[in-house]
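This is what each chain is made of:
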Amino acid sequence: MKEANLQQIEQAVRMILEAIGEDPNREGLIDTPKRVAKMYEEMFAGLDKDPKEYFETIFHEDHEEIVLVKDIPFYSMCEHHLVPFFGHAHVAYMPKDGRVVGLSKLARAVEVVSKRPQLQERITKTIVDAIMEKLNPHGAIVILEAEHMCMTMRGIKKPGSKTVTIAARGVFESDFEQRQEVLQLIKQKL
């Protein structure tokens, strides 16, 4: 994030503090605008990144069965309220023609897509579509489970409720047994 953008965020935070009746020059709040600007810089670091870049390096392996990385922790910011939502992502694909990618790249894609103002549904779809486009597998499926602070801290106020989104392509969209196998692996404690 550019220095000018950070300064704009700092100014906006000062204005918000004043608008809610706080004194931005009070001892505990003096550095808050800078801290918030730095926090936003980190939390929105995915704005200028494309998750497909993580699928550029392909390895060839004689493997055309399910590859699953589950329980990938993630957090994002709800674009409607700018409050966090967080949970776990499960990412699976079935390689075709031996085209596999490093396992950490699946987690990196989750991270970069979630580090921007987001909707959970969009994160799920963006990741699965990037995998399909770059790896051309038999299929891919992405499942996100998250708790949304906009439902916990405000509004309906239902802490602990989880939202689950699924985006499936290829065999995981058309073959019920393949889809069920992935869902069972996710539930299973190995």
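All figures in this text were calculated on a predicted structure; none of them were measured in a lab.

Here the focus is the pattern of salt bridges. What the rule picks out here adds up to nine salt bridges. As a salt-bridge pair, Lys38 and Glu41 come within 3.4 Å of each other at their nearest N and O atoms. You can see Lys38 and its partner Glu41 sitting in helix α2 (residues 32-43), three residues apart, about one turn around the helix. Between Lys115 and Glu111 there is a salt bridge; the shortest N-O distance is 3.7 Å. Owing to a relative accessible area of 13%, Lys115 belongs among the buried residues under this scheme.

UniProt's feature table lists "domain: GTP cyclohydrolase I" (unreviewed entry) at residues 9-186, given in the numbering used throughout. The distance from the first to the last C-alpha atom of residues 9-186 is 40 Å, and the span holds 39% helix and 26% strand.

Another aspect to go through is the packing of aromatic side chains. One pair of aromatic rings is described through two measures. These are the centre distance and the angle between the planes. Within this structure, the stated rule accounts for two aromatic pairs. Seen in terms of ring centroids, Phe74 and Phe85 are 6.2 Å apart; in terms of plane orientation they differ by 80°. Their pairing is edge-to-face. With Phe74 in strand β2 (residues 67-78) and Phe85 in strand β3 (residues 84-94), the pair connects residues that are 11 residues apart, well separated along the chain. Given a relative accessible area of 5%, Phe74 falls into the buried group.

For the rest of this paragraph, the subject is unusual backbone geometry. With phi around 55°, Leu82 is a residue other than glycine that occupies positive phi space. Inspection of the secondary structure puts Leu82 in the loop between β2 and β3. With relative accessibility at 41%, the residue Leu82 sits in the partly exposed group. A positive phi angle is found at Asn136, which is not glycine, with a value near 50°. Take Asn136: it is sitting in the loop between α4 (120-135) and β6 (139-148).

Turning our attention to the UniProt feature "binding site: Zn(2+)" (unreviewed entry) in the chain. UniProt's feature table lists "binding site: Zn(2+)" (unreviewed entry) at Cys78, His81 and Cys150, given in the numbering used throughout. Taking the farthest pair of C-alpha atoms as the criterion, the annotated set spanning 73 residues converges on one region, since that pair is 7.7 Å apart. You can see Cys78 is positioned in strand β2. Not counting residues up to four positions away in its chain, the partners in contact with Cys78 are Val83, Phe85, Gln118 and Cys150. Among the structural elements, Cys150 can be located in helix α5 (residues 149-152). For Cys150, a relative accessible area of 12% puts it in the buried group. Ignoring sequence-local partners within four residues, the contact set of Cys150 consists of Cys78, His81, Val83, Pro84 and Gly155.

Before going further, it helps to spend a moment on the packing of helix α1 (residues 3-19) against α2. Packing of α1 against α2 brings their axes to within 8 Å, and their N-to-C directions diverge by 130°. In terms of orientation, α1 and α2 fall into the oblique class. The element α1 and its partner α2 pack so that their crossing is right-handed. On α2, the residues touching Leu6, Ile9, Glu10, Val13 and Arg14 of α1 are Thr32, Pro33, Lys34, Val36, Ala37, Tyr40 and Glu41. A breakdown of the residues in the contact of α1 with α2 according to their chemical character gives seven nonpolar, one polar and four charged.

Here we take up the packing of helix α3 (residues 103-114) against α4. Running from amino to carboxyl end, α3 crosses α4 at an angle of 140°, the nearest separation of the two axes being 10 Å. Judged by the inter-axis angle, α3 sits oblique to α4. The element α3 and its partner α4 pack so that their crossing is right-handed. Along its contact with α3, which presents Leu106, Ala109, Val110, Val113 and Ser114, the element α4 presents Ile123, Thr126, Ile127 and Ile131. Counted by class, the contact of α3 with α4 contains seven nonpolar, two polar and no charged residues.

Each value, and the rule that gives it
- Residues numbered from 1 in each chain as written.
- Predicted model: local features only at pLDDT ≥ 70, side-chain atom pairs only at ≥ 80, totals over all residues.
- Heavy atoms only, no water.
- Salt bridge = Lys/Arg side-chain N within 4 Å of Asp/Glu carboxyl O.
- Helix = DSSP H or I, 4+ residues; strand = E, 2+ residues; numbered from the N terminus.
- Buried < 20%, exposed > 50% of the residue type's maximum accessible area, 1.4 Å probe, protein only.
- UniProt positions renumbered as here; feature names shortened; annotations may be inferred.
- Phe/Tyr/Trp six-rings, centres within 6.5 Å; stacked < 30°, edge-to-face > 60°.
- Contact = heavy atoms within 4.5 Å.
- Axes fitted to C-alpha atoms, helices over the stretch in contact; angles between N-to-C directions.
- Parallel < 35°, antiparallel > 145°, perpendicular 65-115°, else oblique.
- Left-handed = near helix turned anticlockwise from the far one by under 90°.
- Nonpolar A, V, L, I, M, F, W, Y, C, P; charged D, E, K, R; others polar.

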